[in-house]
Amino acid sequence: MTNSAIAATGLRKSYGDKVVLDGIDLTVPEGTVFSLLGPNGAGKTTAVKILSTLVTADAGELYVGGHDLAADPQSVRAAIGVTGQFSAVDGLITGEENMLLMADLQHLPKREGRRVAAELLERFDLTEAANKPASTYSGGMKRRLDIAMTLVGGPRIIFLDEPTTGLDPRSRHTMWGIIRELVTGGVTVFLTTQYLDEADELADRIAVLNDGKIAAEGTAEQLKRLIPGGHVRLRFTDPAAYRSAACALREAGRDDETLSLQIPSDGSQRELRSILDWLDSADVEADELTVHTPDLDDVFFALTGGTGVPSLPRQPKETPR
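So, a few notes on the structure that sits alongside this text. (Residues numbered from 1 in each chain as written. Predicted model: local features only at pLDDT ≥ 70, side-chain atom pairs only at ≥ 80, totals over all residues. Heavy atoms only, no water.)

Topic: the sheet that holds strand β9 (residues 205-210)
Overall, mixed pairing links the 6 strands, which are arranged β6-β7-β8-β3-β9-β10 in an open sheet. Of all the strands in the sheet, just β6 (80-83) and β10 (213-218) have a single pairing partner and so form its edges. Strand-to-strand twist of the sheet, defined as the mean angle between neighbouring strand axes without regard to direction, takes the value 15°. As judged from the 5 bridges shared by strand β7 (residues 157-161) and strand β8 (residues 188-192), these two strands associate in the parallel manner. Counterpart to Phe159 in the pairing with β8 is Phe190. Sheet strands touched by helix α1 (residues 44-51): β3 (33-37), β6, β7, β8 and β9. Its angle to β8, the strand with the most contacts, is close to 150°. (Pairing = 2+ DSSP bridges. Helix = DSSP H or I, 4+ residues; strand = E, 2+ residues; numbered from the N terminus. Axes fitted to C-alpha atoms, helices over the stretch in contact; angles between N-to-C directions. Contact = heavy atoms within 4.5 Å.)

Put into structure tokens, the structure is as follows:
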């Protein structure tokens, strides 16, 4: 399992007649962010629970931190940290007391525990609030404290199960910065999330889980290339100009209600330049030109919608140029 922080082959888990994980394979290189996406009930949290030793798999060869999960779960536990969907913070005690409690659970000597707690509270910008009850913290502060507690034992692999759910945009971006810092320091992050932009922003590799199986895996850009439907959209305000352009561009899709034309395109600079040159030669001048390329939302809907990969997955999101 050289250079693999996590390696799973044939991972299976069922609850009664319900197959949750149907023989999935995963490989997560060290020092990277791996994101597992999927609709609610797809099995993301079950995968995290199994890989973090909280639930036993029905079948599969599983290695975490180089340790055989079935044969040596204690060594796996020593190598990992877990931040679940729901905060482990105790609101009745202070932030510092939460940290020291975690240090005790990690069997750190008192002096070492205080040093580690102080360093992490400072790192996560919680020093000023350290002596306040955690129940008074904002959602973002509680999430930062949650991750700080996870780091007390110095884990090299961290499971983050939907860590930014319920946070405001500013707190989400703060959390993204924390995750990037962890990876820069050599930590491996296994991330599940409902926010596709989060996976796009952070993950080195992404797997889409659907009906207990991996529907697709790759970098964000590789996944986006699976989905057709990129196009350039021309919008007109003058009906006469629109009709003239529609006659000149007979291959374009028409929308007579919005006075817009849609030209298939992969969004590359070379193809966009070619389209612009062609528009000039056809003497077509639009009031607005926008480019749409498939994003992870399109990938997600296409792979988990149960209808295959459509040519235009859903209402396009366009970026003005």
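Here we look at the pattern of salt bridges
Counted by the stated rule, this structure contains 15 salt bridges. Put simply, Asp200 and Lys224 hold a salt bridge, and the shortest N to O gap is 3.0 Å. Placement of the pair is Asp200 in helix α7 (residues 196-202) and Lys224 in helix α8 (residues 220-224), with a sequence separation of 24 residues. With a relative accessible area of 29%, Asp200 lands in the partly exposed category. The buried category is assigned to Lys224, whose relative accessible area is 14%. Salt bridges here are not isolated pairs; linked through shared partners, they connect Arg12, Asp22 and Lys213. (Salt bridge = Lys/Arg side-chain N within 4 Å of Asp/Glu carboxyl O. Buried < 20%, exposed > 50% of the residue type's maximum accessible area, 1.4 Å probe, protein only.)

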